[in-house]
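Here is how the chains run, residue by residue.
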Amino acid sequence: MDIEKVGVIGAGQMGNGIAHVMALAGYDVVLSDVKQEALDGAMETIRANLSRQSSRGKITEDEMNAALKRIRTTLKLPEIGLTDLVIEAATERETIKHAIFEDLLPHLQPHTILTSNTSSISITRLASRTDRPERFMGFHFMNPVPVMQLVELIRGIATDEPTFAACKAVVDKLGKTAASAEDFPAFIVNRILMPMINEAVYTLYEGVGNVRSIDQSMKLGANHPMGPLELADFIGLDTCLAIMNVLHDGLADTKYRPCPLLTKYVEAGWLGRKTDRGFYDYRGEEPVPTR
Ligand SMILES: CC(=O)CC(=O)SCCNC(=O)CCNC(=O)[C@H](O)C(C)(C)COP(=O)(O)OP(=O)(O)OC[C@H]1O[C@@H](n2cnc3c(N)ncnc32)[C@H](O)[C@@H]1OP(=O)(O)O
Ligand SMILES: NC(=O)C1=CN([C@@H]2O[C@H](COP(=O)(O)OP(=O)(O)OC[C@H]3O[C@@H](n4cnc5c(N)ncnc54)[C@H](OP(=O)(O)O)[C@@H]3O)[C@@H](O)[C@H]2O)C=CC1
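Residues numbered from 1 in each chain as written. Chains lettered and ligands numbered in written order. Predicted model: local features only at pLDDT ≥ 70, side-chain atom pairs only at ≥ 80, totals over all residues. Heavy atoms only, no water.

Undergrad: Give me the site of ligand 1: which residues, what numbers.
TA: As a structural note, the neighbourhood of ligand 1 is formed by 18 residues, with Arg56, Lys58, His140, Asn143 and Asn190 the closest of them. A distance of 2.7 Å separates an oxygen atom of ligand 1 from a polar side-chain atom of lysine 58. Contact between ligand 1 and histidine 140: an oxygen atom at 2.8 Å from a side-chain N or O atom of the residue. Protein chains shield 68% of the accessible area of ligand 1, which is 1,000 Å² for the free molecule. Elements represented by at least two residues in the shell around ligand 1 include exactly helix H2 (36–55), helix H7 (189–205) and helix H9 (228–235). (Near = heavy atom within 4 Å. Polar contact = N/O pair within 3.5 Å; in protein donor to acceptor, adjacent residues only side chain to side chain. Areas by Shrake-Rupley, 256 points an atom, 1.4 Å probe, with all protein chains shown as cover. Helix = DSSP H or I, 4+ residues; strand = E, 2+ residues; numbered from the N terminus.)

Undergrad: Which residues make up the side chain of threonine 74, and what are the values?
TA: Looking at the secondary structure, you find threonine 74 in strand E3 (residues 71–74). The class for threonine 74 is buried, based on a relative accessible area of 7%. Among the polar contacts listed, one links the side chain of threonine 74 to the side chain of glutamate 79, at a separation of 3.3 Å. Setting aside its immediate chain neighbours within four residues, threonine 74 contacts Val30, Leu31, Ser32, Asp33, Leu39 and Glu79. (Buried < 20%, exposed > 50% of the residue type's maximum accessible area, 1.4 Å probe, protein only. Contact = heavy atoms within 4.5 Å.)

Undergrad: Describe the environment of glycine 41, and please don't skip the residues or the numbers.
TA: Note on placement: glycine 41 falls in helix H2. For glycine 41, a relative accessible area of 30% gives the class partly exposed. C-alpha separation for the pair glycine 41 and asparagine 16, spaced 25 residues apart in sequence, amounts to 8.9 Å.

Undergrad: Report on the pairing of strand E1 (residues 5–9), specifying residues and quantitative values.
TA: Note on strand geometry: in a regular strand, side chains alternate between the two faces of the sheet. Along E1, 4 of the 5 residues are buried, which leaves the element largely enclosed by surrounding structure. Where E1 meets strand E2 (residues 28–32), 5 bridges bridge the pair, whose relative direction is parallel. Among the inter-strand pairings, glycine 7 is bridged to a residue of E2, identified as valine 30. Between the parallel elements E1 and E2, the chain passes through helix H1 (residues 13–24) in a crossover that is right-handed. Where E1 lies against strand E4 (residues 85–88), 4 bridges are found, and the strand directions are parallel. (Pairing = 2+ DSSP bridges. Right-handed = clockwise from strand over helix to strand, strands pointing away.)

Undergrad: Hey, could you go over helix H4 (residues 94–104) for me, with residue numbers and the actual values?
TA: Among all positions of H4, only Lys97, His98, Ile100, Phe101 and Leu104 are buried. Mapping the buried residues of H4 onto a view down its axis gives an arc of 160°, with all of them on the same face. Within H4, the exposed residues directed more than 90 degrees away from the buried face are Thr95 and Glu102. Its buried side turned inward, H4 meets E1, E4, strand E5 (113–116), helix H5 (123–128) and strand E6 (136–141). (Arc of directions from axis to C-beta.)

Undergrad: Report on the UniProt feature "site: Important for catalytic activity" (unreviewed entry) in the chain, specifying residues and quantitative values.
TA: Feature annotation in UniProt assigns "site: Important for catalytic activity" (unreviewed entry) to the following positions: His140. Tracing the backbone shows histidine 140 in strand E6. Histidine 140 sits in the buried class, given a relative accessible area of 4%. Sequence-distant contacts of histidine 140, defined by excluding residues within four places in its chain, comprise Ser116, Asn117, Thr118, Ser119, Leu150, Val151, Glu152, Ile154, Phe187 and Asn190. (UniProt positions renumbered as here; feature names shortened; annotations may be inferred.)

Here it is, written out as structure tokens:
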């Protein structure tokens, strides 16, 4: 089936990136959230990122303006129902995602494909609570969306082939690379990446290194573009903790036990860049380690 209109639910850092790349690829986008400030913030970020791409010659000014025109924002979830493909990118909490799909179902067109950008939650379980498990799958972008090449596509147990093919065609049109992952906790990228980040927090917790030495060691010693603690702040510590909990519960193995220090940061509301404080404090000119 041909996808022309894409609905994105949740206008946080992933939602704005997804709306950005979809509009640039020529899709009409409806972006929704529960708060007007989130929608305004997302449009501001999209404008800034598109204009950076334009000033560096990656896209033309006409392409930037056309992309901006293709994005509409709304606080009314039912308007998402009129799209061909829905990508849910709200907070990484299963109850929130179930509630969103439940509210959306009565407004959906019969052909609409439902997907979630979840980092870890069972696609089969999310799908089973909808009226279309065969037209439901995981559509997992990486952060920052405009830059990262990979999209994980995750079939639930009931996902049918036309749905997979339609999503794969969208990834191709975005100029990104699709990787197919089986529906087990945290799929491929986060199954490997998140225990590494959690281990970095244990390394900090046990005093083996401090924030700077841990990040510097992994940047210079393993050639990672960002240190693991800097990356955790970038992803969001709430999201990192949620993913570790899904791994721990879903695989029932103590090797996935979230570090108590990670839990403490989240309890403090120090969620990383999005709250201006995490393993680094971003309120000044330069990030300053908090440990
Ligand atoms: C949690 C999950 O479920 C899954 C995940 O996403 S896990 C996280 C995966 N992501 C990563 O691991 C990111 C690791 N970090 C990196 O790759 C790099 O540090 C980075 C690409 C983010 C930034 O790269 P950098 O070289 O340090 O900085 P910078 O020079 O500013 O940026 C590189 C390019 O990206 C662009 N860029 C950076 N952030 C951007 C954004 N948010 N939107 C658009 N463009 C952006 C810059 O404009 C720049 O473009 P040019 O090449 O044209 O100059
Ligand atoms: N951060 C990352 O690096 C990556 C994250 N993901 C996944 O993407 C999803 C979003 O993550 P991210 O963008 O980082 O999170 P953010 O916290 O940046 O954004 C989530 C947004 O969803 C909004 N929201 C909460 N409840 C609802 C609702 N009922 N309806 C609509 N919007 C809602 C939040 O509003 P409010 O702030 O008011 O609660 C917020 O604006 C998660 O599933 C995450 O696991 C996937 C890949 C990478």
